[in-house]
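Listed below, chain by chain, are the residues.
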Amino acid sequence: MTEKVIIGSRESRLAVLQSEMVRDYIEQKNPGMHAELLTMKTTGDRILDRTLDQVGGKGLFVKELDRALLSGKTVLSVHSLKDMPMEVPKELPLLAFSRREDPRDVLVLPEGVGTLDEGKPLGCSSLRRTLQLGEIYPEMQVKSIRGNLQTRLRRLDAGEYSGLILAAAGLIRLGLADRISRYFSPDEMIPAAGQGILAVQGRAGENYDYLEGYGDPEAWIAGTAERSFVRYLNGGCSSPVAAYAQVQGETVFLRGLYYDEETGSWGKGSLAGKTCEAEALGEHLAEALIRERRQK
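Quick summary incoming for the structure in this document. As the structure is a computational prediction, the values presented were derived from the model and not from experiment.

Right, let's talk about the sheet that holds strand 10 (residues 198-201) for a bit. Spatially, 5 strands are ordered 2-1-3-10-4 in an open sheet, and the strand pairing comes out mixed. Because the sheet does not close on itself, it has two edges, and the strands there are strand 2 (34-40) and strand 4 (94-97). On average, adjacent strands in this sheet sit at an angle of 25° to one another, irrespective of strand direction. Where strand 1 (residues 4-10) meets strand 2, 7 bridges bridge the pair, whose relative direction is parallel. Note that in strand 2 the partner of I6 across the bridge is E36. Its contacts with the sheet put helix 1 (residues 13-29) on strand 1, strand 2, strand 3 (76-80) and strand 10, and the angle it makes with strand 1 is roughly 160°.

Here you go:
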């Protein structure tokens, strides 16, 4: 068994914290084993003046980490599952998904402020959120904001935005849950596929016995259904696709949002199926929503 494990991580405070959670698990469950982080800035972290759909989508957050894995510099990578491309190279398989943190999107107001200022825009980094915000706050302007969580909060508190729309999971993991002003239910705003789940990625042919017990079965089922839905629609950052699955016993309930780029119309739908057929469920819901849009 490997005595030393090098874990690849993005260098933001949130990414490092999430990678440290995996590092701590490995060391606690495997006495004598040492795990350390190798952090790196990804292309997606460098290009902050354009939205993700303009610069190439989710793959920009994993290229450097993938390269380090393939070259042997690292043995594992830890990602936010929502940032991962839907197609994963066979030589770099997904090994485990963490227990899911709160998957919801939230509203964060400037420090000390209790209500939205309609004279300033809402800060939002995704087309998925922007589309759904049009229904929740039809009177508000939405403006793109990029950068790590701390940078976005600084710009919010400096008065650039009336509020930010962020993932609850990142704020909670960083101990910033007290900044949350409102939680959006998954019916109001369907989260990004994989939101709140950490993905551990490895290299084909390696021994990962030391990760035994880390993966959460329900998160794996939910993440599989969500990613299958988005993959079928060929959705990444360039189209506002959303998916959220909940597992109850042997049943998985999947919500999805589909946007028709040709017509600009969009709709939400849901479907239930067996947990053992999570991947097929994602495809079936995608097919149903495509049919529904075309009939309108």
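After that view, the rundown keeps rolling.
Attention shifts here to the environment of L271. Mapping L271 onto the fold places it in strand 13 (residues 266-274). The sequence separation of L271 and G119 amounts to 152 residues, and the corresponding C-alpha distance is 39 Å. Excluding anything up to four places from it in sequence, L271 contacts V252, F253, L254, L281, H284 and L285.

Let's shift gears to the pattern of salt bridges. This model, assessed by the stated rule, comprises 14 salt bridges. Of the charged contacts in the structure, one is a salt bridge between R10 and D83, with a shortest N-O distance of 3.1 Å. Placement of the pair is R10 in strand 1 and D83 in the loop between strand 3 and strand 4, with a sequence separation of 73 residues. Between E188 and R182 there is a salt bridge, and its shortest N-O distance comes to 2.3 Å. We classify R182 as partly exposed; its relative accessible area is 27%. Linked through salt bridges whose partners overlap, the residues forming this network are E87, R231 and E279.

Moving on, we get to the sheet that holds strand 13. If you trace the 3 strands from one edge of the open sheet to the other, you get 11-12-13, paired in antiparallel fashion. Only two strands of the sheet have a single neighbouring strand rather than two, namely strand 11 (242-248) and strand 13. The mean inter-strand angle of the sheet, taken between neighbouring strand axes irrespective of direction, is 15°. With 9 bridges joining them, strand 12 (residues 251-259) and strand 13 adopt antiparallel strand pairing. Counterpart to L257 in the pairing with strand 13 is K268. Where helix 9 (residues 278-294) meets the sheet, it contacts strand 12 and strand 13, and its direction lies at approximately 150° from that of strand 13.

Parameters and conventions
- Residues numbered from 1 in each chain as written.
- Predicted model: local features only at pLDDT ≥ 70, side-chain atom pairs only at ≥ 80, totals over all residues.
- Heavy atoms only, no water.
- Pairing = 2+ DSSP bridges.
- Helix = DSSP H or I, 4+ residues; strand = E, 2+ residues; numbered from the N terminus.
- Axes fitted to C-alpha atoms, helices over the stretch in contact; angles between N-to-C directions.
- Contact = heavy atoms within 4.5 Å.
- Salt bridge = Lys/Arg side-chain N within 4 Å of Asp/Glu carboxyl O.
- Buried < 20%, exposed > 50% of the residue type's maximum accessible area, 1.4 Å probe, protein only.

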